[in-house]
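The primary structure of each chain is shown beneath.
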Amino acid sequence: MSDAETLRIYDDKAADYEARNRTYLAEDPRLQEFIAACPTMGRVLDLGCGPGTSAAVMSAAGLQADAMDASTEMVMLANALEGVTAWQATFDEISGTATYDGIWANFSLLHAPRAALPGHLQAIKQSLRPGGAFYIALKLGKGEARDALGRLYTYYEEDELKDLLTTAGFTVLDCASGKSEGLDGTMARWISVACHG
């Protein structure tokens, strides 16, 4: 993510975002499925980790949890959590070959420009060990727009996202979708896709 306004909002709202995510993530069925799809003591990456709450759940479950985010404030919160190793980086800095047993991109890549997503997916695929788990969640819709807080989003429809994942070399295992309230207080449709590399 390189949109300065989106990064400023996440820096300003980091504590609010952390408080909102702290309570429900331990029970998130998709996060539990991701953890179960990774080998015991496996190395995982929480990509666009926000305050690191998902990475902390992964660590508590016995995984080696790395976390990266473009927001300075989010990385500081993530590094304060037990078992989480976090650093500041953008999606353009995804690197490595066969480094991770799983990569969790929960509502993070929706901030990447549409033209950049195929390259990010290729880098993620390369960073995964063969057969590694990849979970991605995005908001459903078309085009790009700012939310009520001013964060820039890129929206996808289910078929488009599945095509992008397949083109990048992932095997789509299943999808979940729903509608929930975001940090900006509005209801939004979303999709979560489980894949392996």
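Residues numbered from 1 in each chain as written. Predicted model: local features only at pLDDT ≥ 70, side-chain atom pairs only at ≥ 80, totals over all residues. Heavy atoms only, no water.

Quick notes on the side chain of Asp-147
Examined against the element boundaries, Asp-147 turns out to sit in the loop between β6 (144-146) and β7 (152-154). The exposure class of Asp-147 is buried, given its relative accessible area of 11%. For Asp-147, the side chain forms a polar contact with the main-chain nitrogen of Gly-150, separated by 2.9 Å. At a separation of 2.6 Å, a polar atom in the side chain of Asp-147 contacts the side chain of Arg-151. (Helix = DSSP H or I, 4+ residues; strand = E, 2+ residues; numbered from the N terminus. Buried < 20%, exposed > 50% of the residue type's maximum accessible area, 1.4 Å probe, protein only. Polar contact = N/O pair within 3.5 Å; in protein donor to acceptor, adjacent residues only side chain to side chain.)

Focus on the environment of Ala-176
Assignment of secondary structure puts Ala-176 in strand β8 (residues 171-181). The partly exposed category is assigned to Ala-176, whose relative accessible area is 22%. On a C-alpha basis, the gap between Ala-176 and Gly-52 in space is 22 Å, while along the polypeptide they are 124 residues apart. Setting aside anything within four residues of it in sequence, one finds Ala-176 in contact with Arg-30, Trp-190, Ile-191 and Ser-192. (Contact = heavy atoms within 4.5 Å.)

Examining the packing of aromatic side chains
Evaluation of the coordinates by the stated rule reveals 6 aromatic pairs. An aromatic cluster is defined as three or more aromatic residues linked by ring pairs; in this entry it consists of Phe-34, Trp-104 and Tyr-135. Cation over ring: Lys-139 sits above Tyr-153, and NZ or CZ is 4.2 Å from the ring centre. (Phe/Tyr/Trp six-rings, centres within 6.5 Å; stacked < 30°, edge-to-face > 60°. Lys NZ or Arg CZ within 6 Å of the ring centre and 35° of its normal.)

Observations regarding the side chain of Arg-151
When you line up the elements, Arg-151 lands in the loop between β6 and β7. A polar contact is formed between the side chain of Arg-151 and the side chain of Tyr-10, at a distance of 3.0 Å. Setting aside residues up to four positions removed in sequence, Arg-151 forms contacts with Thr-6, Ile-9, Tyr-10, Tyr-17, His-111, Ala-145, Arg-146, Leu-183 and Asp-184.

Some remarks on the sheet that holds strand β9 (residues 187-196)
Taken in spatial order, the 7 strands line up as β3-β2-β1-β4-β5-β9-β8 in an open sheet, and their pairing is mixed. Of all strands in the sheet, those bounded by a partner on one side alone are β3 (84-88) and β8. Neighbour-to-neighbour, the strand axes of this sheet turn through a mean angle of 15°, independent of strand direction. Here strand β5 (residues 128-139) runs beside β9; their pairing, made up of 7 bridges, is antiparallel. Note on β9: the bridge partner recorded for Ala-133 is His-196. (Pairing = 2+ DSSP bridges. Axes fitted to C-alpha atoms, helices over the stretch in contact; angles between N-to-C directions.)

Some words on the packing of helix α6 (residues 117-127) against helix α7 (residues 158-167)
It is at 9 Å that the axes of α6 and α7 come closest, and there the two elements cross at 45°. Here α7 runs oblique to α6, going by the angle between their axes. For the pair α6 and α7, the sense of crossing is right-handed. Across from Leu-117, Pro-118, Leu-121 and Gln-122 in α6, the residues of α7 making contact are Leu-164, Leu-165 and Thr-167. In terms of residue class, the contact of α6 with α7 is built from 5 nonpolar, 2 polar and no charged. (Parallel < 35°, antiparallel > 145°, perpendicular 65-115°, else oblique. Left-handed = near helix turned anticlockwise from the far one by under 90°. Nonpolar A, V, L, I, M, F, W, Y, C, P; charged D, E, K, R; others polar.)

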